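Fold and geometry: a report
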Amino acid sequence: MAAPAGPHHSQDGGRAKPFPLCYPPPQPRAFLIPVRTGSHYAVRFRFLERGPGLGSARLPPPHPSRDGKYPCALTVMLLLVLLCPLLGALACAVEVMRPRGVSLTNHHFYDEMKPFTCLDGSTTIAFEWVNDDYCDCPDGSDEPGTSACPNGRFHCTNAGFRPQYIPSSRVNDGICDCCDATDEYNSGSVCENTCKELGRREREALQQMAEVAREGFRLKQVLIEEATKGREEKQKQLGELQEGRRGQEERVGALRLAKEAAEKPEKEAKDMHHKHWEAEQQALVQAAQEQAQAHEAFEELDSDSNGLVTVAELQAHAELDVDGDGTLSEAEAQTLLGDTVQTDLPGFRDTVWAAIKEHYKSEGPAEVAPEPPTAEPLEPVPEDEEEEEEDEDDDEGGSEDEPTVAPAKPPSQESEEEKMPPYDAATQALIDAAQKAREEFEEAERSLKEMEESIRNLEQEISFDFGPHGEFSYLYSQCYELSTSEYIYRLCPFKRVSQKPKHGGSETNLGTWGSWAGTEDDRFSVMKYEHGTGCWQGPARSTMVKLLCGKETVVTAATEPSRCEYMLHLETPAACQEPHEVPPGDHDEL
């Protein structure tokens, strides 16, 4: 297909034309372009080259004929025949010929025997316009080896290292971008080919990585083996605990009945002892009250305060009349005094007071017995407030593992028990038996709770997804730390992540275990921890943990890519995949 004609492709100008080999010029199918270089002509292979290079052969300048014209095409062809051995040697050194800056995978788009179609399909041009330092294609694909197109791409072969693309604008800019220096073929810059050295370093790094992968994968197999055994042991242990729990529940039930049976006679005996003690105490209190009343009455009757109550002082109280005639006679008074004419305080308490206390009326103001204290009526508490109070009590109560403190006894109860006389032998025996039954029951109940806690932990651990073969199970009960200049990060896999200031301060929760968050084909490469401590006027903190292959288990990095979102790197053998051997030697693109 012929190239379209354009203003910049006119016969007069717009594009530099190659120097003709003969006059008149041959058809544009010729692909060897002579260019004058000093006293010689260089035959430039614009389309056929070794790799991205530009081959050339120097020819002596042809002498013009008598009419001043250059030799005809036949003469030139004879000269080319002489150059065939040289051209053959150049051509045999490569397997694939392609224009400068074109990759091996794209070489089939550049056929020097056909017009070139831009890779975006927008335009078709003559092939000799490729790499002519003039941008014809909108996508820049006609100038892969020059800087004419701002959007073009130059391919660095980089034999011995990795091939790469660079923007065409960097071609011949004086800076070596390709390690094989092919991008500076006409800038005058002296560039050293460093591809082999870079390739050697890269292969060494890859070999080291392969060694880490091999050792890590070997350790991973050990972890898988241990995980399989550990899971079997845990399932066996779980079965034994579940079987033991049933027996322990029966034992706790039996000990509860035995405790209740022992506590019943204990309570009856203690109640009886307490009642006897209360009766004695009540009698003592009444006796003390009697003596106080007798003392008070004696002082009232002893009107002259001489320490004696006489018949005359007793006759002043007519209410003590014995025969009911309204007056207390002298004989009646002497009878009340114990057949004496007077008595002192001890005799009054022992003899007289018992005879007159039911009829004696005190001359002082009547004493008002104190009313027993009444409990203040409690205001009804709304149900919502009761629930809130219960929740607060539950929060403040702490975990189940914290020891519970028995409520303190009221001071009055403590003082009563301290004053109470010791129990008799029979009562004490009942108390000891009940106490032993209580201790056995509490011990069995505590063992049952511990057994249930172990069962819950084992069920939770067994239910976790520890990877395709359980290789991550060894992380479950471990914690790992990373110390930075400001913080200490603590990662407890499958539990939580925290951050603590290095120079003092409280710990911050960066998230609790959520789920695996890797890609579909590598789900176990990332752990997600969420619902951490909330940021100030921001979301709750969360952490992503990226798992990398390593010989040891260690946290290697901690960053905060976004506000309140953290990223940790954890190296572990469990993340290693089966390695592929690094092929020895260089790999060159042909």
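What this report covers is the structure whose coordinates are included nearby.

The rules we used
Along each chain, the written sequence defines residue order, and numbers are assigned to residues from 1. Only residues with pLDDT of 70 or above have their local features reported here, since the model is predicted, and side-chain atom pairs are shown and tallied only from 80 upward, although totals for entire chains, interfaces and linings are computed over all residues. Each side-chain value is worked out from all heavy atoms of the structure, with water and hydrogens disregarded. Secondary structure elements are defined from DSSP: runs of H or I of at least 4 residues count as helices, runs of E of at least 2 residues count as strands, and each element is numbered from the N terminus. Counting of polar contacts relies on pairs of N or O atoms within 3.5 Å, with two restrictions inside protein: one atom must be capable of donating a hydrogen and the other of accepting it, and residues adjacent in sequence are counted only when both atoms are side-chain atoms. Any two residues whose heavy atoms approach within 4.5 Å at even a single point are treated as in contact. Only one rule defines a salt bridge in this text: a Lys or Arg side-chain nitrogen within 4 Å of an Asp or Glu carboxyl oxygen. Note on classification: 1.4 Å probe, protein chains only; a residue is buried when its accessible area is under 20% of the maximum for its type, exposed when over 50%, partly exposed between these limits. Any pair of cysteine sulfurs within 2.5 Å is marked as a disulfide. Among buried residues, those of type Ala, Val, Leu, Ile, Met, Phe, Trp, Tyr and Cys that are joined through side-chain atoms within 4.5 Å constitute a nonpolar core. Being paired, for any two strands, means DSSP has found at least two bridges between them.

Quick notes on the side chain of asparagine 509
Relative to the helices and strands, asparagine 509 is located in strand β13 (residues 508–516). At a separation of 2.9 Å, a polar atom in the side chain of asparagine 509 contacts the main-chain amide nitrogen of glycine 511. If we ignore the near neighbours within four places in the chain, the residues touching asparagine 509 are Arg496, Val497, His531, Gly532, Thr533 and Arg541.

A few points about the pattern of salt bridges
Counting across every chain of the model gives 20 salt bridges. Across the pair glutamate 471 and lysine 220 runs a salt bridge whose closest N-O atoms are separated by 4.0 Å. With glutamate 471 in the loop between α9 (425–463) and β10 (480–483) and lysine 220 in helix α3 (residues 195–301), this residue pair connects regions lying 251 residues apart in the sequence. Comparing glutamate 471 with lysine 220 shows no difference in burial state: the two are buried. When salt bridges with common partners are traced through the structure, they connect Glu197, Arg200, Arg201 and Glu204 into a single cluster.

As for the state of the cysteines
Here a disulfide denotes one covalent bond, and it connects the sulfur atoms of two cysteines. Overall, the coordinates contain eight disulfides when judged by the stated rule. Through a disulfide, cysteine 176 is tied to cysteine 191; the S-S separation comes to 1.6 Å. Here the disulfide of cysteine 176 and cysteine 191 is left-handed, its torsion about the S-S bond being about -75°. Residue cysteine 176 is located in the loop between β7 (164–167) and α3, and its partner cysteine 191 is located in the loop between β7 and α3; the two are separated by 15 residues in the primary sequence. Relative accessible area serves as the criterion here: at 38%, cysteine 176 is assigned to the partly exposed category. The partner cysteine of cysteine 479 in its disulfide is cysteine 492, sulfur to sulfur 2.0 Å. Its S-S torsion of about 110° marks the bond between cysteine 479 and cysteine 492 as right-handed, since a negative value means left-handed.

Concerning the nonpolar core
One finds Phe472, Leu491, Phe494, Trp516, Met527, Val545 and Leu547 to be the most contacted residues of the largest nonpolar core, which totals 27 residues. Counting residues per element, the ones that place at least two in this core are β10, β11 (487–492), β13, β14 (526–530), β15 (542–549), β16 (554–562) and β17 (565–572). Beyond its immediate stretch of four places on either side in the chain, phenylalanine 494 contacts Phe464, Asp465, Phe466, Phe472, Leu475, Tyr476, Trp513, Trp516, Met527 and Tyr529. Counting residues in each nonpolar core, the second largest holds 18 residues, with Ala297, Leu314, Leu336 and Ile356 among its members.

Some points on the pairing of β11
Relative to β11, β10 is paired through four bridges, and the arrangement is antiparallel. Bridge pairing in β11 places tyrosine 480 opposite leucine 491. Between the antiparallel neighbours β10 and β11 lie three residues. The pairing of β11 with strand β12 (residues 496–501) spans six bridges and is antiparallel. Within β12, the position partnered with isoleucine 488 by the bridge is lysine 500. Linkage of β11 to β12, two consecutive antiparallel strands, is achieved through a turn of three residues, within which phenylalanine 494 is found at a positive phi near 70°.

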